[in-house]
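Architecture at a glance
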Amino acid sequence: MSEAAIAHFPLPDFPYVMWLRGELADWLRVPKNVPVEVIAGDVVVSPGRTLAHAIIVGDIQQEICGRGIADSRFPWRAIQLLGLDLAGIGDGYIPDLLVLHQQTEAEGWAGAFEFPRADQVELVMEVTARASAHDDREPVQGCRATKWSGYARTGVPYYLLIDRDPKRSGITLYGNPDRFAGRYEELQSWKFGEPVRLPEPFDVEFRTELWRPWDD
C-alpha cells in the first residue's frame, strides 16, 4: 500500500462507532501496523511509517520521556500511535504522538477509558508522509476537513506539525484553537536543522539537525 485510501462502501455501522469499539480495522481486514482513522466521517487507511518518519517521532518522545525520568515533577507523558477520540465531531484519529498529563495516564490505567478524548490531551504531533500530508495540514478551501481542523475544532491546545515535503519542509507549532472555526493560530516555526524548544507548559528542547525531507 503506497498511498492513503478512503473507503467508500457500506459498513454495518457508523465508521466512528466501529472505530471506537475497535472493530473497524478488523472489519476492513487491515494489518495491525496500518493506521485506520475516521477523518471528517471518511474511513482513511494510510501506509505504515518509513524509518525516517519513525525516528523523528522517537526523537521527540525520547526528549519528553527523558525529562520525566530526570525530574519527577515533570507531569507530561508522550505516547505513540494511540487512538484519540474526537467524539464532538464523530472522528477517531491516530496521531503520531500525543502528550497528556500523568493524571490522565493514571486514569487510563485504572480503566476509565480506552482512548483519551481531545479534552484530555495537551498536544498532538503529526509527521507528514507523501500519501497523507494533506490530512495533516490546514484544509484547502472547498475541500473536506482535515486532522488539523479536527484537532482545532475539538480544542486540542497545541498541534505540532513536522512537514517532510521538500517543497515546504519545516516544523510548526500551532495553538489557541478556535473551536467554532476549526482553526489554529501559528505560534512558532523552525527549519530542519534548528533546535526546537516547545514553550510552557512543556519547556522541552529537541535537536533536528539529522532530520531530512523525503526524497523528491
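How each quantity is defined
- Residues numbered from 1 in each chain as written.
- Predicted model: local features only at pLDDT ≥ 70, side-chain atom pairs only at ≥ 80, totals over all residues.
- Heavy atoms only, no water.
- Helix = DSSP H or I, 4+ residues; strand = E, 2+ residues; numbered from the N terminus.
- Buried < 20%, exposed > 50% of the residue type's maximum accessible area, 1.4 Å probe, protein only.
- Areas by Shrake-Rupley, 256 points an atom, 1.4 Å probe, with all protein chains shown as cover.
- Lys, Arg positive; Asp, Glu negative; His and termini not counted.
- Charge placed at Lys NZ, Arg CZ, Asp CG, Glu CD.
- Expected span 1.5 Å × (residues − 1).
- Arc of directions from axis to C-beta.
- 1 Å grid on protein atoms, 1.4 Å probe; cavity = no way out; pocket = protein on both sides within 12 Å on 5 of 7 lines; lining within 4 Å.
- Points joined across faces, edges and corners; volume = space filled by probe spheres on them.
- Nonpolar A, V, L, I, M, F, W, Y, C, P; charged D, E, K, R; others polar.
- Phe/Tyr/Trp six-rings, centres within 6.5 Å; stacked < 30°, edge-to-face > 60°.
- Salt bridge = Lys/Arg side-chain N within 4 Å of Asp/Glu carboxyl O.

Here we take up the overall build of the chain. Each helix and strand in the chain was counted, giving six helices and 13 strands. For the chain, the spread of C-alpha atoms along the three principal axes comes to 50 × 45 × 35 Å. In the chain, which comprises 216 residues, the share counted as buried stands at 44%. Approximately 11,300 Å² of the chain is accessible, and the part contributed by carbon and sulfur atoms is 52%. Computed over 22 positive and 33 negative side-chain charges, the inter-centroid distance for the chain is 2 Å.

This part takes up helix 3 (residues 51-70). Helix length check: helix 3, at 20 residues, gives a terminal C-alpha distance of 28 Å against a target of 28 Å (1.5 Å per residue), a fit within 8%. His-53, Ile-56, Val-57, Ile-60, Gln-61 and Ile-64 are the residues of helix 3 that are buried. Viewed along the axis of helix 3, the buried residues span an arc of 120 degrees, placing them on a single side of the element. Opposite the packed face of helix 3, turned more than 90 degrees from it, sit the exposed residues Leu-51, Gln-62, Ile-69 and Ala-70.

Considered as a void within the structure, the largest pocket measures approximately 870 Å³ in volume. Put simply, the parts of the chain that give the lining of the largest pocket at least two residues each are helix 1 (15-20), helix 2 (24-28), strand 2 (36-39), helix 3, strand 8 (123-127) and helix 5 (133-136). Of the residues contributing to the lining of the largest pocket, the split by class is 22 nonpolar, ten polar and 13 charged.

Taken as a whole, this structure holds twelve aromatic pairs when the rule is applied. Between Trp-148 and Tyr-174, the aromatic rings sit 5.7 Å apart at their centres with planes inclined by 90 degrees, giving edge-to-face as the arrangement. Of the two residues, Trp-148 is situated in helix 6 (residues 147-153) and Tyr-174 in strand 10 (residues 170-178); the sequence distance between them amounts to 26 residues. Trp-148 gets classed as buried once you look at its relative accessible area, which sits at 1%. Within the aromatic cluster, the residues linked to one another by ring pairs are Tyr-93, Trp-148, Tyr-151, Tyr-159, Tyr-174 and Tyr-184.

What follows covers the environment of Asp-135. In this structure, Asp-135 sits in helix 5. By relative accessible area, Asp-135 is classed as buried at 3%. Sequence-wise, Asp-135 and Asn-33 are 102 residues apart; in three dimensions their C-alpha atoms are separated by 19 Å.

Counted by the stated rule, this structure contains 17 salt bridges. Residue Asp-135 is joined to Arg-144 by a salt bridge in which the shortest nitrogen-to-oxygen separation is 3.1 Å. A residue is classified by how much of its surface remains accessible, and Arg-144, at 25% relative accessible area, is partly exposed. Across the pair Arg-207 and Glu-209 runs a salt bridge, and its minimum N-O distance is 2.6 Å. By relative accessible area, which is 60% here, Arg-207 ends up exposed. Accessibility expressed as a relative area gives 35% for Glu-209, which makes it partly exposed. Connected through salt bridges with shared partners, the residues Arg-137, Asp-163, Asp-165 and Arg-168 form a single ionic network.

Our focus in this paragraph is unusual backbone geometry. Pro-201 follows Glu-200 through a cis peptide bond whose omega is 15 degrees. A positive phi angle, close to 55 degrees, is found at Ala-40, a residue other than glycine. The topology assignment puts Ala-40 in the loop between strand 2 and strand 3 (42-45). Despite not being glycine, Asp-203 has its phi angle at roughly 55 degrees, a positive value. Within the element layout of this structure, Asp-203 appears in the loop between strand 12 (196-198) and strand 13 (204-206).

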